[in-house]
Amino acid sequence: MNGYNSLLVKNDEMTMMHFEHQVKDKGSRYFGGIINQNTGIPSPSHTGTGSVIGSWVCSYVNKDSAYFENEELAERIEMALDYMLNKQHNDGTISPGWTNYHSPPDTAFIVTGFAQIYSLLKKNKKESFADKVALFLKRTIPAMLTGGCHTPNHRWVLASALAHLYNIFGNLELKQRAEEWLLEGMDMTEDGEWTERSNGIYNSVSNICLYHTASLLGKTELYGYIRKNLDMMMYLVHPDGEVVTDYSGRQDLGNRFDLSPYHLIYRLMAYKDTNPQYMSMADLALENMEDTGPVNNHMMLGYLYFPFIKEENIDRAELPKEYEVFINEKYQVKENMNKMEAVGHYSRIEHSSMHTSFGAQTVRYRNKDISATIMGMNSSIFSLRHGKIKLLGTQIYTSFSPGVVEFDSIKKIDGGYRLSAVLEKGYTGPLPPLDNSKPNNTSIWYLLPHQLRESTHKQTFHIWVDILRKEKDWSIHIQTDELEDVFTQVVFVFDENIASKGEGIENLNEGNYFWKEGKLDIQQEKNKMTLLAGEYEHWQKSLGNKNTGNNLAFYRVNLLSPIDKKFSISIS
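The model shown is predicted, which means the values in this text are computed figures rather than measured ones.

Enquirer: Even after reading the chapter, I still don't get the pairing of strand E18 (residues 564-571), so can you show me in this structure?
Expert: Here is the key point about a regular strand: its side chains alternate between the two faces of the sheet. Residues Lys565, Phe567, Ile569 and Ile571 point to one face of E18 and are all buried, whereas Asp564, Lys566, Ser568 and Ser570, pointing to the other face, are not buried. Bridge count between strand E10 (residues 473-480) and E18: six bridges; the pairing is antiparallel. Counterpart to Ile476 in the pairing with E18 is Phe567. Here strand E16 (residues 527-532) runs beside E18; their pairing, made up of four bridges, is antiparallel. Residue pairing for E18: Thr530 is matched across the bridge by Ser570.

Enquirer: Explain the pattern of salt bridges here, please?
Expert: Taken as a whole and assessed by the stated rule, the structure comprises 28 salt bridges. Between Glu69 and Lys126 there is a salt bridge, with its nearest N and O atoms 2.5 Å apart. Remark: Lys126 occurs in the loop between helix H4 (104-123) and helix H5 (127-146) and Glu69 occurs in the loop between helix H2 (49-61) and helix H3 (71-87); sequence separation between them is 57 residues. A relative accessible area of 39% places Glu69 in the partly exposed class.

Enquirer: How should the sheet that holds strand E7 (residues 409-413) be read in this particular structure?
Expert: Within a sheet, adjacent strands bond to each other through the backbone by hydrogen bonds, running parallel or antiparallel. Taken together, the eight strands give an open sheet; going across it, the order is E7-E8-E9-E10-E18-E16-E15-E12, and neighbouring strands pair in antiparallel fashion. Strands with a single pairing partner mark the edges of an open sheet, and in this sheet they are E7 and strand E12 (499-501). Each adjacent strand pair in this sheet contributes to an overall mean axis angle of 15°, direction not counted.

Enquirer: Help me out: how do you make sense of the environment of Val333 in this one?
Expert: Topologically, Val333 is positioned in helix H13 (residues 333-338). When sequence neighbours within four positions are dropped, the list of residues in contact with Val333 reads Thr356, Phe358, Gly359, Ala360 and Met377.

Enquirer: Any chance you could explain a nonpolar patch on the surface here in plain terms?
Expert: Taken together, the side chains of Ile444, Tyr446 and Leu447 present a nonpolar region at the surface, about 360 Å² in accessible area. Tracing the sequence through the fold places Ile444 in the loop between strand E8 (416-428) and strand E9 (455-470).

Enquirer: Teacher, can you tell me more about the nonpolar core here?
Expert: One broad rule of soluble globular proteins: the nonpolar side chains tend to lie buried together. The biggest cluster of nonpolar side chains holds 109 residues, and the ones touching the most others in it are Phe114, Ile117, Leu259 and Tyr266. Beyond its immediate stretch of four places on either side in the chain, Leu259 contacts Met233, Val237, Gly241, Val243, Met281, Leu284 and Ala285. Within the second largest apolar cluster, 45 residues are counted, among which are Leu423, Ile463, Phe494 and Ile522.

Enquirer: Teacher, can you tell me more about the layout of surface pockets here?
Expert: It is the rolling of a water-molecule-sized probe over the atoms that shows where space remains empty. Empty space within the largest pocket amounts to approximately 1,600 Å³. Taken together, 47 residues line the largest pocket, and the ones lying closest to its centre are His46, Thr47, Phe257, Asp291 and Pro294. Of all the secondary structure elements, the ones that give two or more residues to the lining of the largest pocket are helix H1 (3-17), H2, H4 and helix H8 (202-217). Of the residues belonging to the lining of the largest pocket, the class tally is 14 nonpolar, 26 polar and seven charged.

Enquirer: Where do I start with the packing of H8 against helix H10 (residues 263-273) in this structure?
Expert: Each pair of packed helices can be summarised by the angle the axes make with each other and by the distance between the axes. Two elements in contact, H8 and H10, have axes separated by 9 Å at closest approach and are oriented at 40°. Overall, the two elements H8 and H10 adopt an arrangement that is oblique. Where H8 crosses over H10, the handedness of that crossing is left-handed. For the pair H8 and H10, the contacting residues are Asn207, Ile208 and Tyr211 in the first and Leu264, Ile265, Leu268 and Met269 in the second.

Enquirer: I would appreciate a short explanation of H2 in the present structure.
Expert: The end-to-end C-alpha separation of H2 is 18 Å, in line with the 18 Å expected for 13 residues at 1.5 Å each. Among the 13 residues that make up H2, 13 are buried, leaving the element largely enclosed by the rest of the structure.

Enquirer: Teacher, can you tell me more about the environment of Val61 here?
Expert: Take Val61: it is sitting in helix H2. Judged by relative accessible area, Val61 falls into the buried class, the value being 7%. Separated by 472 residues in sequence, Val61 and Ala533 have C-alpha atoms that sit 63 Å apart. If near-sequence neighbours (up to four positions away) are discounted, Val61 is found in contact with Phe68, Leu121, Asn124, Lys126 and Leu304.

Enquirer: How do you make sense of the side chain of Asn296 when you look at a structure like this?
Expert: Mapped onto the fold, Asn296 is located in the loop between helix H11 (276-287) and helix H12 (299-305). Non-local contacts of Asn296, meaning those with residues more than four positions away in its chain, are made with His46, Phe109, Thr112, Gly113, Gln116, Ile208 and His212.

Enquirer: Got a minute to help me understand the packing of aromatic side chains in this structure?
Expert: Here a ring pair, both rings aromatic, is described through the centre-centre distance and the interplanar angle of the planes. Using the criterion set out here, one finds 24 aromatic pairs in the structure. Both rings, one in Phe19 and one in Trp56, keep their centres 5.8 Å apart while their planes meet at 80°; by these two values the pair is edge-to-face. With Phe19 in the loop between H1 and H2 and Trp56 in helix H2, this residue pair connects regions lying 37 residues apart in the sequence. Overall, Phe19 belongs to the buried group, its relative accessible area being 9%. Ring geometry for Tyr266 and Tyr278: centres 5.5 Å apart, planes at 65°, overall edge-to-face. Taken together, the residues span a long stretch of sequence, with Tyr266 in helix H10 and Tyr278 in helix H11 at a distance of twelve residues. For Tyr266, a relative accessible area of 0% gives the class buried. Members of the aromatic cluster, connected to one another through ring pairs, are Tyr211, Tyr223, Tyr271, Tyr305, Phe306 and Phe308.

Enquirer: How should I be thinking about the pairing of E10 in this particular structure?
Expert: Of all the eight residues making up E10, seven are buried; the element is thus mostly covered by neighbouring parts of the structure. Looking at chain direction, E9 and E10 are connected through eight bridges and run antiparallel. Residue Leu468 lies in a different strand from E10, and its bridge partner there is Ser475. Linkage of E9 to E10, two consecutive antiparallel strands, is achieved through a turn of two residues, within which Glu471 is found at a positive phi near 55°.

Rules used throughout
The residue numbers shown here count from 1 along each chain, following its written sequence. Only residues with pLDDT of at least 70 are given local features in this predicted model, and only at 80 or more are side-chain atom pairs given and counted; all residues enter the totals for whole chains, interfaces and linings. Excluding hydrogens and water, the side-chain figures rest on all heavy atoms present in the structure. Note on classification: 1.4 Å probe, protein chains only; a residue is buried when its accessible area is under 20% of the maximum for its type, exposed when over 50%, partly exposed between these limits. A run of DSSP states H or I qualifies as a helix once it reaches four residues; a run of E qualifies as a strand once it reaches two. Both are numbered from the N-terminal end. At least two bridges found by DSSP between two strands are what make those strands a pair. Any Lys or Arg side-chain nitrogen located within 4 Å of an Asp or Glu carboxyl oxygen qualifies as a salt bridge. Axis definition: a line fitted to C-alpha atoms, over the contacting stretch in the case of helices. Angles run 0 to 180 degrees between N-to-C directions. The contact rule is simple, with two residues in contact once any of their heavy atoms fall within 4.5 Å. The residues that make up patches have over 30% relative accessible area and no salt bridge, and they are joined within 9 Å when like-charged or within 5 Å when they are Val, Leu, Ile, Met, Phe, Trp or Tyr. Note on areas: these come from Shrake-Rupley sampling with a 1.4 Å probe, and a residue is covered only by the protein chains present in the view. Among the buried residues, those of types Ala, Val, Leu, Ile, Met, Phe, Trp, Tyr and Cys that are joined through side-chain atoms within 4.5 Å form a nonpolar core. Both cavities and pockets are sets of points on a 1 Å grid over the protein atoms alone; in a cavity a 1.4 Å probe fits but cannot get out, in a pocket the set is open with protein on both sides within 12 Å along at least five of seven lines, and lining residues sit with an atom within 4 Å of a point. Grid points are joined across faces, edges and corners, and a volume is the space filled by probe spheres set on the points. Residues are grouped as follows: nonpolar covers Ala, Val, Leu, Ile, Met, Phe, Trp, Tyr, Cys and Pro; charged covers Asp, Glu, Lys and Arg; every other residue, Gly included, is treated as polar. Working definition: roughly parallel below 35 degrees, roughly antiparallel above 145 degrees, roughly perpendicular at 65 to 115 degrees, and oblique for all remaining angles. By convention, the crossing between two helices is left-handed when the near helix turns anticlockwise from the far helix through less than a right angle, and right-handed when the turn is clockwise. Multiplying 1.5 Å by the helix residue count minus one yields the expected span of that helix. For this analysis, a ring pair means two rings from Phe, Tyr or Trp (six-membered ring only for Trp) whose centres lie within 6.5 Å, classed as stacked if their planes differ by under 30 degrees, edge-to-face if by over 60, and tilted for the remaining angles.

Spatial relationships are all this shows, so hold off on functional conclusions.
Written out as structure tokens, the structure reads:
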């Protein structure tokens, strides 16, 4: 596949498409911006007007484009750049509009893209446009020197922006600030997983930003982290090119994402390492491309900024299609969790998440068009795809906690894997007096020092699940200890676009079913999946999450402890 030619066609399509979305009313405060098709309002963000400027500039300066030095396009670029300058705050930041007002990291996303645009404009002697971009970039410097982040990946976004600004303006403080972020160390497991476990979005963000930082600041050790993640991702792609998002710690969780955000970094690293598999992954990433990406990871911009990747002089190699890999098998999650109390933050972090599932164990299996995932520390423990049939998740809820069970360990056993969890719940006694003579001086519940209460009547409930495979057939064997009458519900989550039948199926409401007995047959085109067997040991419709909507179908099996229940799944 010729990546450059494919992108050239797509970028020209997008150049024309966005003409109709630009605000041309000079009386509007959004004059020159590109209307977001979801909100109806332009945004000066890396995915909004910033991304469109990336496409437009690429078309304008590229002799291979149908819009090369097009006069109307030049007028539109000028309006869009003026919009960006008008929307830039006095502190140099932008507000994307959906959240994060006066945001250093969202500004940093734009800086990485605009720095590349500035380079192209200077190279092609488009000085008036280059001056506007340079003004925008120069204004960001105070915010980049002082601004902070929310999320783990934001650190690498800021480092990339600082490296680019240092490259353009030469201010040593910019390099030093980038070094401060990098000194925190790379938040990656040995198997290549980033903190946010976001295969659909933020892996690629961290990867491309660290590539820029490594290239500009000579931090060659950063390439090693990029390689680890790219190597891992070869085992996290379904047969149709969709990325595994079943356990993400971010907004891509359970949503459909393809590999296209990885195209540029796979291509860059393929040339750096002369790696044929990376070239094949870059090709695969283009197969489902819907757009050319945000301005910080804009594919066409990347080809023009790094013109060496236009060449087709690296061979391709077969990608893995038959495998079973245990990701993070040896990562010490529990040990790290036990260290948290000593750190001193008491599990509190503003405007972000602790991401305590970092390093959780995951098993990936694939045999051509069969794709399965076993997941620890996640609301779903198992997913299975067979052609067009998608068992998107398997969840276990109990009344003990109550809520969904997240299994904290996966262990390899004969024929498969065992997930286990010990749920705990107890009670607390009265507060001890502050001293021998004075009672506590408040009765307000949230002001009481609850940490001083004595724990009483602590109960435990041990539950474990064996997921086994024999050729194309799978089994899910759920067992518990002898504690009686713990209401339990196993939920099998399918894509709604399936044909299902079974004598033991009772329709609760749209997309929700009891599976009371017998088998459940799932059909989608030529693919078939048969599950055995339903159960109905109590009447509760849900335990915790009601699981509705999102174009999904939920099949609920009601169990009562003690449990020794085996489900079988056969595919044909």
